[in-house]
Amino acid sequence: MVIEVENLSKVFGDFKAVNQISFEVGKGEIFGFLGANGAGKTTAMKMLIGISSPSSGKATVAGFDVYKNAEDIKKNIGYMSQKFALYDDLTIKENITFFGGIYGLSRSRIKEKSELLINELGLQDVAKELVGSLPLGWKQKLSFSVALLHEPKIIFLDEPTGGVDPITRRQFWELIYKAANKGITVFVTTHYMDEAEYCDRVSIMVDGKIEALDTPKKLKEQFNVDSMNDVFLKLARG
Amino acid sequence: MKRFIGFVKKEFYHIFRDKRSLFILFGMPIAQIMLFGFAITNEINNVDIAILDKSQDATTEEIINKISASNYFSIQQYLKNESEIEPIFQKGKVKAVLVFENDFSKKLTTESNATVQIIADATDPNTANTISNFTSSILQKYQQEINQELKIPYRIIPETRMVYNQELKSVFMFVPGVMTIILMLVSAMMTSISVTKEKEMGTMEILLVSPLKPYLVIIGKVVPYILLSVINAVVIILMSIFIFKMPVQGSFLLLGLESILFIISSLALGILISTISETQQTAMMISLMGLMLPVILLSGFIFPVASMPMPLQVISNVIPAKWFIIIIKGIMLKGVGLAFVWKETLILLGMTVFFMALSVKKYKIRLE
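Not measured: the values here are computed from a predicted model.

K.L.:
It is not clear to me how the overall build of chain A should be interpreted in this structure. Could you clarify?
P.N.:
Along chain A, the regular secondary structure elements total 9 helices and 10 strands. Since a compact globule built from 238 residues should have a radius of gyration of about 18 Å, the 18 Å found for chain A is in line with a globular shape. The long-range fraction of contacts in chain A, counting pairs at least 24 apart against all pairs at least 6 apart in sequence, stands at 68%. Element-wise, carbon and sulfur atoms account for 48% of the exposed surface of chain A, whose accessible area totals about 10700 Å². Taken as two groups, the 30 positive and 31 negative side-chain charges of chain A have centres that lie 3 Å from each other.

Here's what the structure looks like:
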């Protein structure tokens, strides 16, 4: 198991943002982490990526404890946020070099990797252009590839397809499958229910708790509906 | 270390690719020094005046010659009677009118009492005051000259000497102030904006998820601005020496060290601002309203602290710029050493440590 979570909680004052959640994610799995806005997805994810410490419970990511080894976790994961955060005023190449640099990649590795990445994404012609001039879909793909630059074991994607059109979203999922096929574990939050169908397994959070966790197929059977959207609606309405 | 250098390099890309920040960094200091040095000044030069000489005798002619020989005034018009005074002021042609009474010379010798009326346009009170003072002093000098032959047993002659700035150049007062403002602006405002920009763009999150230590992120953001601030300080000092002939009496080393101390305190303030503001606009507003205004109004840069109402005097004590201005004025104009400014330096140091501790604490809370 690459991610193991047991009774993990985060409390802000009286508010239980995350309430005793437990789950496991295996190697190479695409794990969908669903929930309405404010259900606690982001808070839970922040604890797993080592920038927020849990109030109680246990969790290990890539074999490291979230309390004691947050620094080791950071070296072994990649992260991409819904903002596709790259530096707009840096060129594609400079962005790659910078992010490779802060993950401690050697100069020759960065060079080799950035050429590979630019060729793969077909960005040869614009490699020296500022990222700010790229269309959103390209930025998204670039941002994903940059998050994989240091070959992490797990990649965390926080609503990675926000604001992009359906075709670009579809293309993006192809990148996700490609990564999963290489053995990288993908932990993805989303509120697009059609995307939930692409995941190997899906968990649905409601008010800080995980209310359902299984493969999309089994969840649909369990709730006796045709789409993940209906599963979600049934759960959310309680 | 290699990661850190990469980070600083990235920061320089940001600065040099943004025309706005380049302007604030390099255009602003030069423009401000020029403005304060040449345009905004308390001195008077070639002020336009008019003269109504009712007696037109040898004495008045001599006085008028002395007035026109000084650089302070330029006589625009000779009036013929009182009715012309009001219109000439209303047209705004002159700032003052001098009226010599009838039989000036005769009254002076026989009654030893003659009057010159100085009518000044007080819509600008400062200039009016200065004009009146300068005219009086010209008249007084003339009086002393003609009195020299006479033997008066007791006389008190005030002899004024303006120390540290003998020519009363206002640029001497503005340079330390402008330097303070620029260093504050570059260090506090630019860092707070650049840190909040990373928050807004979402890159701060990426950096925090990376193995780069959070304190390295902050130091990496701050180092370029320290370098640029030091360059700015040097440029300002060189400009004031070579363009405005302002002497630096004290030690350059001390001046440099004190400036670095002030830069660091401003940077700490900038980090503090960035921890409490979510957007670049907020950071800019807080920097301008919370830092710039107090610095301009309360630090003693333009308005002397001693003549402020008590509550404002108390408030002025918590403004780091106030202490820095006292220190650099001392070093630049009076040539004093650390022995004379150690108290101010200590206060500034204390404030710096306080701001740094506070921003580290705030930053940690935000990470939680």
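Moving on, there is more to tell.
K.L.:
Looking at this model, I keep getting lost on the nonpolar core. Mind explaining?
P.N.:
Judged by nonpolar contacts, the single largest core of 126 residues is most densely connected at Ile3(A), Phe23(A), Leu48(A), Val61(A), Leu142(A) and Phe156(A). Examining the composition of this core, we find that 17 residues originate from one element, helix H7 (residues 170-201) of chain B, more than from any other. When sequence neighbours within four positions are dropped, the list of residues in contact with Ile3(A) reads Phe23(A), Glu24(A), Val25(A), Leu48(A), Thr60(A), Val61(A), Ile154(A), Phe156(A) and Phe187(A). One finds Leu175(A), Ile176(A), Leu219(A) and Phe223(A) within the second-largest nonpolar core, a separate group that totals 34 residues.

K.L.:
Mind showing me how you'd approach the packing of aromatic side chains here?
P.N.:
What describes a pair of aromatic rings is the distance from one ring centre to the other and the angle between the planes of the rings. Tallying each qualifying case throughout the model produces 19 aromatic pairs over all chains. Plain terms: the ring middles of Trp173(A) and Tyr177(A) are 6.3 Å apart, the flat faces sit at 55° to each other, and that makes the pair tilted. In this pair, Trp173(A) and Tyr177(A) both sit in helix H6 (residues 166-181), 4 residues apart, roughly one turn of the helix. The buried category is assigned to Trp173(A), whose relative accessible area is 0%. For Tyr177(A), a relative accessible area of 30% corresponds to the partly exposed category. Each residue in the set Phe23(A), Phe31(A), Phe33(A), Phe156(A) and Phe187(A) is aromatic and connected to the rest through ring pairs, giving one cluster. Positioned above the aromatic ring of Trp323(B) is the side chain of Lys322(B), whose terminal nitrogen or guanidinium carbon lies 4.6 Å from the ring centre.

K.L.:
Would you mind going over the environment of Gly37(B) with me for this structure?
P.N.:
Residue and element names in this part refer to chain B. As for its position among the elements, Gly37 is in helix H2 (residues 19-39). Judged by relative accessible area, which is 15%, Gly37 ranks as buried. With 156 residues separating them along the chain, Gly37 and Ile193 place their C-alpha atoms 29 Å apart. Excluding residues within four positions of it along the chain, Gly37 makes contact with Val171 and Phe244.

K.L.:
Help me understand the packing of helix H9 (residues 214-242) of chain B against helix H10 (residues 252-276) of chain B, please; the structure alone is not making it clear to me.
P.N.:
When two helices pack together, their arrangement is given by the angle between the helix axes and by the axis-to-axis distance. All names here are of chain B. At a closest axis distance of 10 Å, the pairing of H9 and H10 adopts a crossing angle of 140°. In this view, H9 runs oblique relative to H10, as classed from their interaxial angle. Judged by the twist between their axes, the crossing of H9 over H10 is right-handed. Touching Ile218, Val222, Tyr225, Ile226, Ser229, Val230, Ile237 and Ile241 of H9 are Phe252, Leu255, Ile260, Ile263, Leu267 and Ile271, all from H10. The class makeup of the residues in the contact of H9 with H10 is 13 nonpolar, 1 polar and no charged.

Reading the values: rules and limits
Residues numbered from 1 in each chain as written. Chains lettered and ligands numbered in written order. Predicted model: local features only at pLDDT ≥ 70, side-chain atom pairs only at ≥ 80, totals over all residues. Heavy atoms only, no water. Helix = DSSP H or I, 4+ residues; strand = E, 2+ residues; numbered from the N terminus. Rg over C-alpha atoms; globule rule 2.2 N^0.38 Å. Contact = heavy atoms within 4.5 Å. Areas by Shrake-Rupley, 256 points an atom, 1.4 Å probe, with all protein chains shown as cover. Lys, Arg positive; Asp, Glu negative; His and termini not counted. Charge placed at Lys NZ, Arg CZ, Asp CG, Glu CD. Core = buried A, V, L, I, M, F, W, Y, C linked by side-chain atoms within 4.5 Å. Buried < 20%, exposed > 50% of the residue type's maximum accessible area, 1.4 Å probe, protein only. Phe/Tyr/Trp six-rings, centres within 6.5 Å; stacked < 30°, edge-to-face > 60°. Lys NZ or Arg CZ within 6 Å of the ring centre and 35° of its normal. Axes fitted to C-alpha atoms, helices over the stretch in contact; angles between N-to-C directions. Parallel < 35°, antiparallel > 145°, perpendicular 65-115°, else oblique. Left-handed = near helix turned anticlockwise from the far one by under 90°. Nonpolar A, V, L, I, M, F, W, Y, C, P; charged D, E, K, R; others polar.

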